[in-house]
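The lines below spell out each chain.
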Amino acid sequence: YIAPNENVDFSSDVFPAALADGKELFGHVIDSYWEDVGTLDAYLRANHDILDGLVAVEIDGFKMRENVWLGEGADVDPDATVDGPAIIGPNCRIEAGAHLGEHSVLGGDVVLKHDAEVVRSVIHEHTYIGAQARVRGAVVGRACDLRSQSTIEPGAVLGNECFVGEQAVV
């Protein structure tokens with residue numbers, strides 16, 4: 001029911017086709033957390049739910065304070081601002097004046113330069129966020145390079161290894 005190299009949705013494509021062919025469908029009731037993360041909103045919501053403690057997952061690192069987790073080798077300048085809930089992955093560097101806002105996740109080896117801001121976003125590993133750059137309500141793939149004063153607007157998704165030039169707006 002899933003053709004090669006085709007995007008399908010189980011609820012609107014696969015299940016109706018199987019039922020039309022007389023196939024039986026079965027379900028299972030669970031009493032734990034489940035989220036279909038097939039959309040940006042759902043992916044961010046799942047991350048927010050983890051940060052809010054609604055999902056029982058083990059977060060690597062240690063609690064910097066009540067709702068902020070810090071990975072091994074991470075360096076947060078005392079003049080940076082971190083509002084929880086947030087996760088700072090291993091070997092991240094957050095410089096003075098930078099702001100990591102609520103419901104944000106930094107993967108390992110992320111650099112947040114001075115006066116940069118990340119709020120309600122997920123930043124995957126090995127990403128560089130330049131001075132005075134802004135990322136709000138977005139997902140940034142791994143190994144991206146966001147130059148100074150660039151802006152990533154709510155709803156944006158950047159794939160892996162993207163380059164965003166100075167003062168660019170996505």
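It should be noted that the structure appears before, not after, this text.
Summary of the structure given here.

1. Regarding the nonpolar core
- If you look at the biggest cluster of nonpolar residues, it comprises 29 residues, and the most contacted ones within it are Ile88, Ile94, Leu100, Ile129, Val135 and Leu146.
- For this core, the secondary structure elements donating two or more residues are β2 (68-70) and β5 (86-88).
- Among all residues touching Leu146, those that are not within four sequence positions of it are Thr127, Tyr128, Ile129, Gly130, Val135, Val140, Ile152, Leu158 and Val164.
- If you look at the next biggest cluster of nonpolar residues, it comprises 8 residues, including Trp69, Ile87, Val105 and Val139.

2. Some details on unusual backbone geometry
- Here the bond from Gly84 into Pro85 is cis, since omega is 5°, no more than 30 degrees from zero.
- Mapped onto the elements, Pro85 comes out in the loop between β4 (81-82) and β5.
- Phi is positive for Asp115, close to 65°, though the residue is something other than glycine.
- Look at His126: it is not a glycine, yet its phi comes out positive at around 60°.
- With respect to the helices and strands, the residue His126 is situated in the loop between β11 (122-123) and β12 (128-129).
- Residue classification places His126 among the partly exposed residues on the basis of a relative accessible area of 46%.

Calculation notes
Residues numbered from 1 in each chain as written. Predicted model: local features only at pLDDT ≥ 70, side-chain atom pairs only at ≥ 80, totals over all residues. Heavy atoms only, no water. Core = buried A, V, L, I, M, F, W, Y, C linked by side-chain atoms within 4.5 Å. Buried < 20%, exposed > 50% of the residue type's maximum accessible area, 1.4 Å probe, protein only. Helix = DSSP H or I, 4+ residues; strand = E, 2+ residues; numbered from the N terminus. Contact = heavy atoms within 4.5 Å.

Take it as geometry only, folks, not as evidence of what the structure does.
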